[in-house]
Amino acid sequence: MTEQLALLRLMHLISPTLPIGSFTYSQGIEWAVETGWIKDANSLQAWLASQLDNSLTHVELPLLKRLYLAWQANDLDAVESWIAFSNASRETSELLLEEKNRGRALTDLLIALDLPQAAEHKSLLSQSQVAAFALASCYWQVPLEQAAYGYAWSWLENLVLSAVKIIPLGQTQGQKILYQMTALLLAASKQGLNLADDDMGATLPALALASSRHETQYTRLFRS
């Protein structure tokens, strides 16, 4: 039953119904649509593939692994160090605020679900969504590889759902993008989990510009 329960816990953790506000963020897509960088399913998929190849593969997933192992070893110094690295890697203040807001919301949820370390380390976890996700995965004995797949899927699904509303796209087109990018998620997860410390880091100038411009966008539906 342990493996099956761990899988169900992971499905719970990545559900879009999770009350951590994922649906309120577009990570620059809203401004990219307004300026014409993203205008249809093909340009959206190219935008997401670029982020997957850079940020997810070289920052998020390697961080997830290191934080998972740090929680597993109860190494709080390592947890704190990798959270600092995570936050320093955010391209803009808006993206940093998103990471912290979602980290705080996820931490509050984990406390409500009686995860003991969440309450004990609330001030630390509230700084980083990926740290809280890693703790929950570790505590619920979700295998690291599966946790990486789930984290990457949750990222992709939330952004596709946002883009379907912004561009707008039909639900079927959104589902086709999810289907076509699934294999890319598997490859990104494998590469990200095997990345060395010195290879971590990403540069996404288009994302940085879109997020910066979104901060002062005249009308907007999303928080970032």
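None of these values were measured; they are calculated from a predicted model.

Conventions we followed
Residues numbered from 1 in each chain as written. Predicted model: local features only at pLDDT ≥ 70, side-chain atom pairs only at ≥ 80, totals over all residues. Heavy atoms only, no water. Helix = DSSP H or I, 4+ residues; strand = E, 2+ residues; numbered from the N terminus. Axes fitted to C-alpha atoms, helices over the stretch in contact; angles between N-to-C directions. Parallel < 35°, antiparallel > 145°, perpendicular 65-115°, else oblique. Left-handed = near helix turned anticlockwise from the far one by under 90°. Contact = heavy atoms within 4.5 Å. Nonpolar A, V, L, I, M, F, W, Y, C, P; charged D, E, K, R; others polar. Salt bridge = Lys/Arg side-chain N within 4 Å of Asp/Glu carboxyl O. Buried < 20%, exposed > 50% of the residue type's maximum accessible area, 1.4 Å probe, protein only.

Turning our attention to unusual backbone geometry. Omega for the peptide link from isoleucine 167 to proline 168 comes to -10 degrees, which places this bond in the cis form. Tracing the sequence through the fold places proline 168 in the loop between helix 9 (144-166) and helix 10 (171-193). Located in the positive-phi region is glutamine 141, a residue other than glycine, with phi close to 60 degrees. In this structure, glutamine 141 sits in the loop between helix 8 (129-139) and helix 9.

Here the focus is the packing of helix 3 (residues 41-72) against helix 8. Relative orientation of the contacting elements helix 3 and helix 8 amounts to 50 degrees, with a least axis distance of 8 Å. Between helix 3 and helix 8, the angle is such that the two are oblique. As for how helix 3 packs across helix 8, the hand of that crossing is right-handed. Judged by residue contacts, Glu60, Leu64, Leu67, Tyr68, Trp71 and Gln72 of helix 3 engage Val130, Ala131, Phe133, Ala134, Leu135, Ser137 and Cys138 from helix 8. For the contact of helix 3 with helix 8, the class distribution of residues is ten nonpolar, two polar and one charged.

Evaluation of the coordinates by the stated rule reveals five salt bridges. Between glutamate 60 and arginine 90 there is a salt bridge; the shortest N-O distance is 2.5 Å. Of the two residues, glutamate 60 is situated in helix 3 and arginine 90 in the loop between helix 4 (76-88) and helix 5 (93-112); the sequence distance between them amounts to 30 residues. Neither residue differs from the other here; glutamate 60 and arginine 90 are each classed as buried. The network of salt bridges with shared partners includes Glu60, Arg90 and Glu99.

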